[in-house]
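Descriptive structure summary
Chain residues, written in single-letter form:
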Amino acid sequence: MSRRRTLSTKKKLVLLVSAAAVAGGGAFAFAATSNASSVQNAATSTVCQGLATAFGNNETFIADQRANPDAQSEARIANREAVLAQIKVQQEASGCEVGESAQDSQPVTPPAASTPPAASAPAQSAPAEDTGADAGAGAATGEQVCTGSTVTLSGEAGTPAASSNQFPAGTLLKVTNLDNNKSTTVEVTATSGSCALLNNAAFELVREPGKFLIRNALIEKVG
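Residues numbered from 1 in each chain as written. Predicted model: local features only at pLDDT ≥ 70, side-chain atom pairs only at ≥ 80, totals over all residues. Heavy atoms only, no water.

1. Some thoughts on the overall build of the chain
Across its full length, the chain holds 4 helices and 9 strands. Listing each helix as α and each strand as β along the chain from the N terminus yields α-α-β-α-β-β-β-β-β-β-α-β-β. Considering the chain as a whole, with its 223 residues, one finds that 35% of them fall into the buried category. Contacts in the chain between residues at least 24 apart in sequence constitute 79% of all its contacts with a sequence separation of at least 6. For the chain, the exposed area adds up to about 12500 Å²; of that, 56% sits on carbon and sulfur atoms. (Helix = DSSP H or I, 4+ residues; strand = E, 2+ residues; numbered from the N terminus. Buried < 20%, exposed > 50% of the residue type's maximum accessible area, 1.4 Å probe, protein only. Contact = heavy atoms within 4.5 Å. Areas by Shrake-Rupley, 256 points an atom, 1.4 Å probe, with all protein chains shown as cover.)

This is the structure we're talking about:
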């Protein structure tokens, strides 16, 4: 006569606890993977939006130069087309849609035709860290302009500088990234499709790592 093996109550409890631990571990791993994926997707989206804005601003500048050409327009257009090519390389490397274009909220207007609005600078909990080359100018507080504007980069090389659709060459603009409290004061050297479009060197002074767009910016006209 054969005898069937039976498990004691203690052994049954051990098996049940082990199975629950395996199942719970699998659920935890899935949740952790899902959260990491969401964070990565959000970071990629921010990078892509910043690059798309830079692409769109340069496209707007080229279109404006073609619509209102002068003796230097051909050279400016060639320069910006090279910038667009570089942004496409960055978009591909970042996993973004190559050639994606967006623009910020500022209209394209000739520098002399626009009168910048006056407003009081918002109170800050701590003074902004000046990271510009000219510490004396950067430390100054000017008239707040272009309220609500975002700031991105033009993709141009060279020493820290800015371009603008509202201020003529020679104007000093102080740009503060309120998300990290860094600021820099740069000179406007060219026109563009934005209130303040920073070149690569200037943008590096105030950017947050991995970001190509400053959403929370304070722009001041100095002097």
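2. Some details on the confidence of the model for the chain
Confidence in the prediction for the chain averages 75 pLDDT; 64% of positions are at 70 or higher. The spread of mean pLDDT over the elements of the chain runs between helix 3 (residues 135–139), the lowest at 42, and strand 5 (residues 172–177), the highest at 96. Throughout residues 105–126 the model reports pLDDT below 50, and contacts reaching past four residues in sequence, or to other chains, amount to 42 contacts. (pLDDT = per-residue confidence, 0-100.)

3. What about the nonpolar core?
By size, the foremost hydrophobic cluster in this structure holds 31 residues, and its most contacted members are Val 151, Leu 198 and Ile 219. Ranked by residues supplied to this core, first place goes to helix 1 (residues 9–67) with 6 residues. Contact partners of Leu 198, with chain neighbours within four places excluded, come to Val 151, Thr 152, Leu 153, Ser 154, Ala 161, Ala 162, Val 175, Val 186, Phe 203 and Val 206. (Core = buried A, V, L, I, M, F, W, Y, C linked by side-chain atoms within 4.5 Å.)

4. A word on the state of the cysteines
In this structure the tally under the stated criterion is 2 disulfides. Across a sulfur-sulfur distance of 1.8 Å, Cys 146 and Cys 195 are joined as a disulfide pair. Across the S-S bond of Cys 146 and Cys 195 the torsion is about 85 degrees, and the bridge reads as right-handed. One end of the pair, Cys 146, is in the loop between strand 2 (143–145) and strand 3 (151–153); the other, Cys 195, is in the loop between strand 6 (182–191) and strand 7 (197–198), and 49 residues separate them in sequence. The residues Cys 146 and Cys 195 share a single accessibility class, namely buried. With its disulfide-bonded cysteines labelled consecutively along the sequence, the chain is connected as 1-2, 3-4. (Disulfide = S-S within 2.5 Å.)

5. Examining the environment of Asn 199
Here Asn 199 shows up in the loop between strand 7 and helix 4 (200–206). In the structure, Asn 199 is positioned 43 residues away from Glu 156 in sequence and 5.1 Å away in space, judged by C-alpha atoms. Dropping the residues within four chain positions of it, Asn 199 is found in contact with Ser 154, Glu 156, Ala 157, Gly 158, Thr 159, Pro 160 and Ala 161. At a separation of 2.6 Å, a polar atom in the side chain of Asn 199 contacts the main-chain carbonyl oxygen of Thr 159. (Polar contact = N/O pair within 3.5 Å; in protein donor to acceptor, adjacent residues only side chain to side chain.)

6. Considerations on the pattern of salt bridges
Considering all chains together, one arrives at 4 salt bridges under this definition. Residue Glu 81 is joined to Arg 66 by a salt bridge in which the shortest nitrogen-to-oxygen separation is 2.9 Å. Remark: Arg 66 occurs in helix 1 and Glu 81 occurs in helix 2 (residues 73–93); sequence separation between them is 15 residues. Judged by its relative accessible area of 53%, Arg 66 is exposed. Note that Arg 80 and Glu 156 form a salt bridge whose closest N and O atoms lie 3.5 Å from each other. Within this pair, whereas Arg 80 is found in helix 2, its partner Glu 156 is found in the loop between strand 3 and strand 4 (162–164), the two being separated by 76 residues in sequence. (Salt bridge = Lys/Arg side-chain N within 4 Å of Asp/Glu carboxyl O.)

7. Overview of the packing of aromatic side chains
Inspection of every chain in the model, using the stated rule, returns 0 aromatic pairs. Its guanidinium or amino end placed over the ring of Phe 61, Arg 80 lies 4.0 Å from that ring's centre, counting from NZ or CZ. The lysine or arginine in question, Arg 207, covers the ring of Phe 212, its NZ or CZ lying 4.7 Å from the ring centre. (Phe/Tyr/Trp six-rings, centres within 6.5 Å; stacked < 30°, edge-to-face > 60°. Lys NZ or Arg CZ within 6 Å of the ring centre and 35° of its normal.)

8. Here's the deal with the pairing of strand 5
A large share of strand 5 lies buried, amounting to 5 of its 6 residues. In this antiparallel pair of consecutive strands, strand 5 and strand 6, the connection spans 4 residues, and Asn 181 shows a positive phi of 65 degrees. Bridge count for strand 5 against strand 9 (residues 217–222) is 6 bridges, and the pairing is antiparallel. Bridge pairing links Leu 172 to Val 222 in strand 9. (Pairing = 2+ DSSP bridges.)

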